[in-house]
Amino acid sequence: MKSKKNNEFRLPDGDLARIEDAEMKAGKVRVRRISTIEEWLTRKYISKNEYGAAQQFELDYSHSKLLPRYSSMQLDRVDSSSDAPDWKHDRAKQAYGRVQDVLALVGKRAAPALVAIIGEGQSLRSFTNGGSKQVSTKAVLQMALSIMVSHYRAKGVR
């Protein structure tokens, strides 16, 4: 199913995708899966500020995953034996702290949806297994986004 608007179409799993860059050669097409949050912004379900907060969370989440995973027994040796530059490690720790702050702020009900849909890029449909919980999950996520806007403003991030 191809839409005339922005060369968008639905993938077999139900997610929305867009043809971004088509070369003049036959069979050469670049297709990009549209994130749930980007689709919501296009449909005006969320504001630009909420979209910005989602992007900030996504960025922090990806940076926090760069933090090396150590066991608690090795934690005292992290700073002295780490082969990563100190600034990368510190930035990852700061991003991890910001992610944890946001997850604590939005609560236990919204945190899994926030991590899966915004952090990991999973679609709402796949997160809810296409079930009837899509509407309630969408409402919870929209509430979490509005909380995140206030949080990031207070911290001076956005």
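Above this note sits the structure.
Residues numbered from 1 in each chain as written. Predicted model: local features only at pLDDT ≥ 70, side-chain atom pairs only at ≥ 80, totals over all residues. Heavy atoms only, no water.

Chemist: Can you explain the overall build of the protein chain? Please cite residues and give values.
Modeler: The secondary structure content of the protein chain amounts to seven helices and three strands. Listing each helix as α and each strand as β along the protein chain from the N terminus yields β-β-β-α-α-α-α-α-α-α. Carbon and sulfur atoms provide 51% of the accessible area of the protein chain, an area that totals close to 10,500 Å². (Helix = DSSP H or I, 4+ residues; strand = E, 2+ residues; numbered from the N terminus. Areas by Shrake-Rupley, 256 points an atom, 1.4 Å probe, with all protein chains shown as cover.)

Chemist: Describe the packing of helix 2 (residues 48-64) against helix 5 (residues 111-119), naming the residues involved and giving the relevant values.
Modeler: A packed helix pair is summarised by two numbers, namely the angle formed by the two axes and the spacing between the axes. Where helix 2 contacts helix 5, the two axes come as close as 9 Å, and the packing angle between them is 85°. When the axis of helix 2 is compared with that of helix 5, the two are roughly perpendicular. Along its contact with helix 2, which presents Ala54, Phe57, Glu58 and Tyr61, the element helix 5 presents Leu114, Val115, Ile118 and Gly119. (Axes fitted to C-alpha atoms, helices over the stretch in contact; angles between N-to-C directions. Parallel < 35°, antiparallel > 145°, perpendicular 65-115°, else oblique. Contact = heavy atoms within 4.5 Å.)

Chemist: Could you give an account of the nonpolar core, naming the residues involved and the relevant values?
Modeler: In terms of nonpolar packing, the biggest core is built from 26 residues, with Ile37, Phe57, Leu114, Ile118, Leu141 and Met148 touching the most fellow members. Where this core is concerned, the elements lending two or more residues are helix 1 (36-42), helix 2, helix 4 (86-106), helix 5 and helix 7 (134-155). The dominant element in this core, judged by the number of residues it contributes, is helix 7, at seven residues. Residues contacting Met148, with those up to four places away along its chain left out, are Ala53, Ala54, Phe57, Val102, Val106 and Leu114. (Core = buried A, V, L, I, M, F, W, Y, C linked by side-chain atoms within 4.5 Å. Buried < 20%, exposed > 50% of the residue type's maximum accessible area, 1.4 Å probe, protein only.)

Chemist: Tell me what's going on with the packing of helix 2 against helix 7, and back it up with residues and numbers.
Modeler: Put simply, helix 2 and helix 7 touch, their axes get as near as 8 Å, and they point 80° apart. Considering their axes alone, helix 2 and helix 7 lie roughly perpendicular with respect to each other. Of the residues in helix 7, those in contact with Asn49, Glu50, Ala53, Ala54, Gln56, Phe57 and Asp60 of helix 2 are Gln142, Leu145, Ser146, Met148, Val149, Tyr152 and Arg153. Here the residues of the contact of helix 2 with helix 7 sort into seven nonpolar, four polar and three charged. (Nonpolar A, V, L, I, M, F, W, Y, C, P; charged D, E, K, R; others polar.)

Chemist: Describe the pattern of salt bridges, naming the residues involved and giving the relevant values.
Modeler: Proximity of charged atoms lets side chains of opposite charge pair with each other. Per the counting criterion, the structure on display carries two salt bridges. Residue Arg43 is joined to Glu39 by a salt bridge in which the shortest nitrogen-to-oxygen separation is 3.1 Å. Since its relative accessible area comes to 14%, Glu39 is described here as buried. The salt bridge partner of Asp60 is Arg98, with a shortest N-O separation of 2.9 Å. Here Asp60 is found in helix 2, whereas its partner Arg98 is found in helix 4, with 38 residues between them in sequence. Judged by relative accessible area, which is 1%, Asp60 ranks as buried. (Salt bridge = Lys/Arg side-chain N within 4 Å of Asp/Glu carboxyl O.)

Chemist: So, the packing of aromatic side chains: which residues are in play, and what are the values?
Modeler: Per the stated rule, a full pass over the model turns up one aromatic pair. Geometrically, the ring pair formed by Phe57 and Tyr61 is stacked, given 6.1 Å between the ring centres and 25° between the ring planes. A residue pair is termed a helical-turn pair when its members lie 3 or 4 positions apart in one helix, as Phe57 and Tyr61 do in helix 2 at four residues. When its relative accessible area of 13% is taken as the criterion, Tyr61 is described as buried. The aromatic ring of Trp40 is capped on one face by Lys138, whose charged end is 5.8 Å from the ring centroid. The ring of Tyr45 has Lys138 lying over it, and the distance from NZ or CZ to the ring centre is 3.4 Å. (Phe/Tyr/Trp six-rings, centres within 6.5 Å; stacked < 30°, edge-to-face > 60°. Lys NZ or Arg CZ within 6 Å of the ring centre and 35° of its normal.)

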